[in-house]
Each structure stands twice: as structure tokens, then as C-alpha cells.
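# Overview (structure and organization)
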Amino acid sequence: MKQSLFYDATAFNPDNHAYLKRHKLNKLLEKAVQSPLVTVVANAGYGKTQAVYSFLKSYKAVTIWLQLSRFDNLEDRFWENFIQAMAVHNKGFAAQLAEIGFPGTARQFERYVLLPRVETMASTKYIFVFDDFHLIREKSVLRFIENTLTTVSAPFPNISTVLISRTEPAINTVGLTSKGLVFRINEDDLRFSQEELRQYFELLEISLTPQ
């Protein structure tokens, strides 16, 4: 995954500072992305984005990363964001999305759903990441995500969606959860162990006593 995925001018650059490679967390994420939906939910400061980015940077998958903001509660702004993220990997697919427009109607959504069946390859792993998902409150955008999960991510075993959020995503995941298709990562999973803390301070060249 290349840094170019973060095309938004306000997106953070996780390569600008030292980061400890967390093998245990990476193994958990590797297991997680075998599910159609992964939720990474924790308060600010737990390193959610950094953890997912670090894992996907070395994971063999086509990753489409959307850095969300409050402006994505506007249908047109969200769709522009979605198209630009898609264009990083497939400009032709992005052009088709632009032609359809935001799938606000059932007919538009039916047209949208047909595209992944043509554009995706069964031998390739695809991962969609929606970062700062807690900022989304617009019902039409949330409904699009819900419908995409049930009609695209769930039926296609090579497609996974990761929602990074400070709060539980405001979408209905009951159906997916009942089928065991949701993998949840929380604050407990993201907390540093004592050994990881020691290694991190060493990485920063800070000398501390065990106490």
C-alpha cells in the first residue's frame, strides 16, 4: 500500500514518526481481514489508524483507503472522496462510479453493485478502509455502507471492509454478526503490553528504569 492512498491534504502521514512493529496485533489483524467486516473501535490516542496502516503496508492486498471528515456527510462530497480513493488503483472503475453518481436510489445502487462483479478479480484480496467513521451521521451515506457490506463484502470472500471509529459504527450489523462475519478489535486489543512499551521507548532512544 502506497502513501498516495492518503490523497486528502489533511490526512495524517504515519511514516513521519517512529512506529513499533507490533507482531501480536498484526497477527490479530491478519486474522481479522479474513472476515467481510472488521471494526476497530477505540477512543482517541489508541493508535487505531497507525495500527491498521502499518499492517496493511506489508499485507498483500489492494487497499482502498478513505480518510473521512465531517464534510463526507454530504452525499456528493462522500462520493467524490470514494471515487478519488478508487482512482488510485483503477481509473476506469472510478470513471464508471462518477457516471453512476451517489447511489441514493435503489436503481442507482443496483447499477453500482454490478461493477465489482466485473472489475474485481477472485485471485486478488481487496480491503476497503473507512477511517474516522464516527464522523459520519448522514443516513444516506450510512445506508450505502450497510448495503455495500451485505451485497458486496459479504458475498465476495476476497473483499473486506475495515471501519476505524472512536465509537461503535452507526450501522446495522446484526445480520452479519449473527452469521459470524464481523471481527471486532477494541481498546484492550490495541493497548501496549509492558514489553511493547519498553521496546517503544528504546526505539525513541529514551532511557527508563523498569519502575
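Description of the structure in this document. Remember, predicted model here, so these are calculated numbers, not experimental data. (Residues numbered from 1 in each chain as written. Predicted model: local features only at pLDDT ≥ 70, side-chain atom pairs only at ≥ 80, totals over all residues. Heavy atoms only, no water.)

Along its length, the protein carries nine helices and five strands. Helices (α) and strands (β) of the protein occur, in sequence order from the N terminus, as α-β-α-β-α-α-α-β-α-β-α-β-α-α. On the protein, roughly 11,500 Å² of surface is accessible, and the fraction owed to carbon and sulfur atoms is 53%. (Helix = DSSP H or I, 4+ residues; strand = E, 2+ residues; numbered from the N terminus. Areas by Shrake-Rupley, 256 points an atom, 1.4 Å probe, with all protein chains shown as cover.)

With that settled, the discussion passes to the nonpolar core. The biggest cluster of nonpolar side chains holds 37 residues, and the ones touching the most others in it are F78, W79, F82, L97, Y112, F130 and F144. Secondary structure elements with two or more residues in this core: β2 (62-67), α3 (75-87), α4 (91-100), α5 (106-119), β3 (126-131), α6 (139-153) and β4 (159-165). Sort the elements by how many residues they give to this core and α3 lands first, with seven residues. For W79, the contacting residues outside a window of four places in its chain are L97, A98, G101, F102, P103, Y112 and F144. V40, Y53, F183 and I185 belong to the second largest nonpolar core, which has 22 residues in total. (Core = buried A, V, L, I, M, F, W, Y, C linked by side-chain atoms within 4.5 Å. Buried < 20%, exposed > 50% of the residue type's maximum accessible area, 1.4 Å probe, protein only. Contact = heavy atoms within 4.5 Å.)

Limitation: the analysis is restricted to geometry and does not speak to function.
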